[in-house]
Amino acid sequence: MSAGGRPSKRQKFIHHIHRETVGQASTRHRNFSLQASGNFNLRTSYLSASRPAIEEEEQALSQQAVGVDSDPWNETEFYQAVEDSQSHSDGPSQAGHGRTPDELICLEGRGKSASEQCSCGEISPSFRCQDCFPPLLTCHACLLQSHLRMPFHRIEEWQDGFFHAVTLKSLGLRIQLGHKAGEACRRPSPAFDDDFVVIDTHGIHEVGLDFCGCEHEASHYKQLLRARLFPATATDPRTAATFAVLKFFHLLSFESKVSAYEFYHSLARQSDNTGITPIRDRYSTFLRIVREWRNLRSLKRAGRGHDPAGVNATKEGELALLCPACPHPGKNLPDGWEASTQQWMYSVFLAIDANFRLKRRAISSDTKDPGLSSGWGYFVNEKHYKAYIGNNSAVIQERSACVNHNAVNMADVKISKGLAATGVGTVDCARHDMKLANGVGDLQKGERYVNMDYLVFSALSTFSSLKVINFSYDIACQWHKKLWGRVPSLPVRLQPDPVGKTFRYFVPKFHIAAHVEACQTMFSLNWSPGVGRTDGEAPERGWANINRVATSTKEMGPGARRDTLDDHFGDWNWKKIASLGRVLLRKVIEAVRAEQEHRIALSELEDSIRESELGASSLQKWREEIESWEVDHTKPNPFERRVDTMTQAAVRLELAKQDTKELEDGTAVSLHSEVSCSILISTGIDLEHAQCRLRADAGLLGQHPTDTQRTSILTRSNTLLRRIDAWTTIQTLYMPSVANLRANSGCPKPNPNSGKAEDSQLLLPSEICDHVPCDRKLLEIEWSLRLAQAHDALNECRTHIRLRRQLAQFKKQHIRGQNPNTRARRTLDAVEERLVMSHAKYSCARKALVALSNHLDRVGWERKLQPLTRSHLRPMGDFAGQTQGRTIMSWIWLTHGISNDDAESLQDALRVEWCKTRARQNRWSEEVRLLLEEMRRVLAFFNWQVQWWEDHISLRTLTRLEVTEGLIAYAKRQAFIRRRLSASFREKWKDVPALTTNTTSFVGT
């Protein structure tokens, strides 16, 4: 079980030990796992082990368990099996399973009760209740008497040698409302046609129900409500659902996302699983009851029952649960916060996104199904929203100037045939993953600005007095461009006052890697100050929870769908609120540790830079530049490189220019009329790469290649072999020693007897310089070409990794069906093959650089060209299961540009790396401060809520004492819950002050 008391989905391992003989034992290993569907998986295996091995395992695991938090859902348990001699040979599983069916079969009969009398003394009682404990036989009279307070139990009667299902109604039980159980009414009034159905957790029951007709008694539907039965209608109700079944379904729909259809038919099968006895169809009635139940519960929790103005005075967004950790002026912000110079501490983070899984078919209409809460919760007021959309529907959305964002370019052409809504747009609290009041609305086409603008500023109206607003949107680079030109078209009540306020725009961390390089620095949450470690991906985490109801809500009417989604969003927020104590504690522990680590890393980097006088002056200049940019983003961006990179093609061009200059000066020493030294080495590197490609393609043929495939490979091999022969002839002129090496096998060959072109050894200078002397000019030329080749290969790896991630995301989100998935998989495989080739090219180039650097005395290049393993070939947002703050990003993304090892390029790379190291340390430092402020705000918000509920105790006065007592009791209970939450969080956070004041003790733990 997790720290918050919720069962974990990790596997549970139970170790059973069964002793057989002295010195021998068998171990039974049972693996439990909880699937996403809610079902359990169990796998049992038996392994033989010696006694010492088992004892050592027991001792090690028991020692490991000391000091570990108890988790009964994820622990290793030990059971010592005690077996007798008779069951010893059968094994542990057979012995248990042999008895279980007999006991179950025994329950089909009367068992030991067959010879017993009823408690009243009657001989041969014949009735049994399936839901009472214990399931004893009783007579007809005792059965009715004992079930006056349990009228919805399932009864069986012993007839013809087995139990038959019977109803309490058929046995004569009558439910009398308005009186105590067993008390007769002077004027009983049977339900309409004496036909009343009750939906309960035990099934669907036909009952005999009488209303009270006494003068003092209330109306029929109120009598049902007082008996905890929710009526389907207010006039002549003939169906009701128990509060128990409504609460059970309500919670079950949140946790398992079960639909009302599935739940109702499960109850029907529980009543009769054979289909022989017809069950009264009350499915549509149950749907109506559930909608009203959800709505009334929301109104009750929001305190609308305590307001003298009544339900109709409910304001827009008033039923939504607010995030306690977000800044709410007048609720959880300190006095004088408006004058603070640290306004980023009191800023709000809004995450914007759209979900195209939550579609709705063109079924019903707002006129027929308007919904029970019009804009009271998370959805905006539909009437006002559609009026604004209709007035601005002709606006054409401009195309993206960044990468090809489908969200922007396809917003007006998204297929919507047969759909009333293609999805929903939402605005979330970016730091705490909660839906915001009036921040959800349907999308009629795609993710159009006209929709998202309305939703954003509708949600922002709750935070209208805050001075710093942070927007996180995956297309923020395009959305923000003409935003303030579109704001005047919004309703006046939604138009913010920009005077004295700062609006900042960011792209979520996972999405930003797909943007152009300029966006990756301008809109990065990693490099901008005042945002802590916010990632902006809050909506994505919420979609995984709500997408499971998409199938059922797709077929609903507009009002029913909005009411259902509002209810699920409210439960999502409540679970987030209840877990804030645990979540914020975990985050602050991580943040303190990471801040300390990154502070040390920054200090070490700055100390190394200050070792030279030039470094110290450069550091001061860089600091001034980045501080200026953080204040004004129109200044030069310090995170962008300013020195052009040197590619392999550029190096070849430079060498060609040098050859031309030597020919003009008459200093050229060329041993061939057409091939110079630089052309010889560059051609050799090309041949080496061609060998690698041929080797890879030949390896993909498989065991049974076709004649066409074999012919293609053989033709390529012959062509390459002729090119190598021609090249080696010229190579001998510039490198005479290679002839002796090939003749005497001075250098080892990869496969000297294969005769294949891909196995021919080229003997470039980097391969022979450790064995024979080599012309330094050749070494210099190959060094330049290999250095550029390594950088080119590294850039290719980055490109392939980004492409692979984008293709995988597109496949996951948009590809459905076997054939499209197969084609997408083939495309991904092709990209993966290219990545492997680029990896091999880099490894080959680096190996040559290592050999050449020993003879050319080149140092410092290894810092930017490190050994490259498969674990390094991961996307920028992939940190091998960890976050960016707890692990070091793959070094391939920390290499910006290709350097010629000249002072300018080295300094530029060092400047960018220092800026990023400083930004990482600052973000973690900000995160610690933000988390501490959020903890304070949570406790202050709970205190405000306690006072709010206590003020509502006497807000409404009624003549009926029982209603007044209920109002007081509910308000006190809500205040009590907030006090308990506050006390629980304070207890969890009691060590946080010491943690944040002395962070050094947490480094390395």
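Below is a summary of the structure that appears in this document. (Residues numbered from 1 in each chain as written. Predicted model: local features only at pLDDT ≥ 70, side-chain atom pairs only at ≥ 80, totals over all residues. Heavy atoms only, no water.)

Another point: the nonpolar core. Counting residues in each nonpolar core, the largest one holds 70 residues, and the members touching the most others are Leu-350, Phe-471 and Trp-479. Element by element, the count of residues in this core is highest for helix α11 (residues 449-460), at nine residues. Each residue touching Trp-479, except ones within four places of it in the same chain, is listed here: Ile-352, Tyr-449, Asp-453, Val-456, Phe-471, Tyr-473, Arg-486 and Tyr-505. Counting 25 residues, the second-largest nonpolar core is a separate cluster that includes Cys-677, Val-738, Leu-741 and Leu-778. (Core = buried A, V, L, I, M, F, W, Y, C linked by side-chain atoms within 4.5 Å. Buried < 20%, exposed > 50% of the residue type's maximum accessible area, 1.4 Å probe, protein only. Helix = DSSP H or I, 4+ residues; strand = E, 2+ residues; numbered from the N terminus. Contact = heavy atoms within 4.5 Å.)

Turning our attention to the sheet that holds strand β5 (residues 127-129). Across a sheet, paired strands are connected by hydrogen bonds in the backbone, their directions being either parallel or antiparallel. Taken together, four strands build an open sheet; the order of strands is β6-β5-β7-β8 and the sheet is antiparallel. Two strands in the sheet have a free side with no partner beyond their single neighbour: β6 (137-138) and β8 (162-166). Pairing geometry for β5 and strand β7 (residues 155-159), over three bridges, is antiparallel. Bridging across to β7, Phe-127 finds its partner in Glu-157. (Pairing = 2+ DSSP bridges.)

Our next topic: the packing of aromatic side chains. Summed over the entire model, instances satisfying the criterion amount to 30 aromatic pairs. On the numbers, 5.4 Å between centres and 90° between planes, the contact of Tyr-261 with Tyr-283 is edge-to-face. Taken together, the residues Tyr-261 in helix α7 (residues 260-271) and Tyr-283 in helix α8 (residues 283-301) connect sequence positions 22 residues apart. Grouped by ring-pair contacts, the aromatic residues Phe-248, Phe-249, Tyr-261, Phe-263, Tyr-264, Tyr-283 and Phe-286 constitute a single cluster. Lys-435 extends its terminal NZ or CZ atom over the ring of Trp-543, reaching a point 4.9 Å from the ring centre. (Phe/Tyr/Trp six-rings, centres within 6.5 Å; stacked < 30°, edge-to-face > 60°. Lys NZ or Arg CZ within 6 Å of the ring centre and 35° of its normal.)

The next thing to look at is the pattern of salt bridges. Two side chains carrying opposite charge are able to pair once their charged atoms lie near each other. Throughout the structure, instances matching the rule amount to 45 salt bridges. Between Arg-280 and Glu-206 there is a salt bridge, with its nearest N and O atoms 3.7 Å apart. Taken as a pair, Arg-280 in the loop between α7 and α8 and Glu-206 in strand β12 (residues 203-212) lie far apart in primary sequence, 74 residues in all. Judged by its relative accessible area of 26%, Arg-280 is partly exposed. A residue is classified by how much of its surface remains accessible, and Glu-206, at 35% relative accessible area, is partly exposed. When salt bridges that share partners are traced, they join Asp-366, Glu-382, Lys-386 and Arg-562 into one network. (Salt bridge = Lys/Arg side-chain N within 4 Å of Asp/Glu carboxyl O.)

Where helix α9 (residues 382-391) contacts α11, the axes come no closer than 10 Å and their chain directions differ by 140°. Read as a crossing pair, α9 and α11 show a hand that is right-handed. Side by side, α9 and α11 meet where His-384, Tyr-385, Tyr-388 and Ile-389 of the first sit next to Val-450, Asn-451, Tyr-454 and Leu-455 of the second. Looking at side-chain class alone, the contact of α9 with α11 contains six nonpolar, two polar and no charged residues. (Axes fitted to C-alpha atoms, helices over the stretch in contact; angles between N-to-C directions. Left-handed = near helix turned anticlockwise from the far one by under 90°. Nonpolar A, V, L, I, M, F, W, Y, C, P; charged D, E, K, R; others polar.)

Turning our attention to the sheet that holds strand β19 (residues 434-443). Ordered in space as β19-β18-β15-β20-β21, the five strands form an open sheet in which the pairing is mixed. For this open sheet the edge positions go to β19 and β21 (502-506), each flanked by a neighbour on one side alone. Adjacent strand axes in the sheet meet at a mean angle of 20°, parallel and antiparallel pairs treated alike. Pairing of strand β18 (residues 423-429) with β19, which is carried by six bridges, proceeds in the antiparallel orientation.

So, on to the packing of helix α6 (residues 243-256) against helix α17 (residues 558-578). Here α6 crosses α17 at 75°, and the two axes come no closer than 10 Å. The angle between α6 and α17 falls in the class roughly perpendicular. Within the contact between the two elements, α6 uses His-250, Ser-253, Phe-254 and Glu-255 and α17 uses Asp-567, His-568, Asp-571 and Lys-575. Per-class residue counts for the contact of α6 with α17 are one nonpolar, three polar and four charged. (Parallel < 35°, antiparallel > 145°, perpendicular 65-115°, else oblique.)

Moving on, we come to the pairing of β12. The buried fraction of β12 is high, at nine of 10 residues. Strand direction decides the pairing type here: strand β9 (residues 174-176) and β12, joined by three bridges, are parallel. From the neighbouring strand, Ile-175 faces β12, where its bridge partner is Leu-209. Two elements, strand β11 (residues 196-200) and β12, share five bridges in a ladder whose sense is antiparallel. By the bridge assignment, Ile-199 is partnered in β12 with Ile-204.

Owing to its 3.6 residues per turn, the α-helix brings residues three or four apart onto one side. In this model helix α19 (residues 613-631) runs 28 Å from its N-terminal to its C-terminal C-alpha over 19 residues, within 8% of the 27 Å that 1.5 Å per residue would give. Of all the residues in α19, the buried ones are Gly-615, Ser-618, Leu-619, Trp-622, Ile-626, Trp-629 and Glu-630. Each buried residue of α19 sits inside an arc of 105° when the element is viewed along its axis, so together they form one side. Opposite its buried face, α19 presents the exposed residues Glu-613, Lys-621 and Val-631, each directed more than 90 degrees away. (Expected span 1.5 Å × (residues − 1). Arc of directions from axis to C-beta.)

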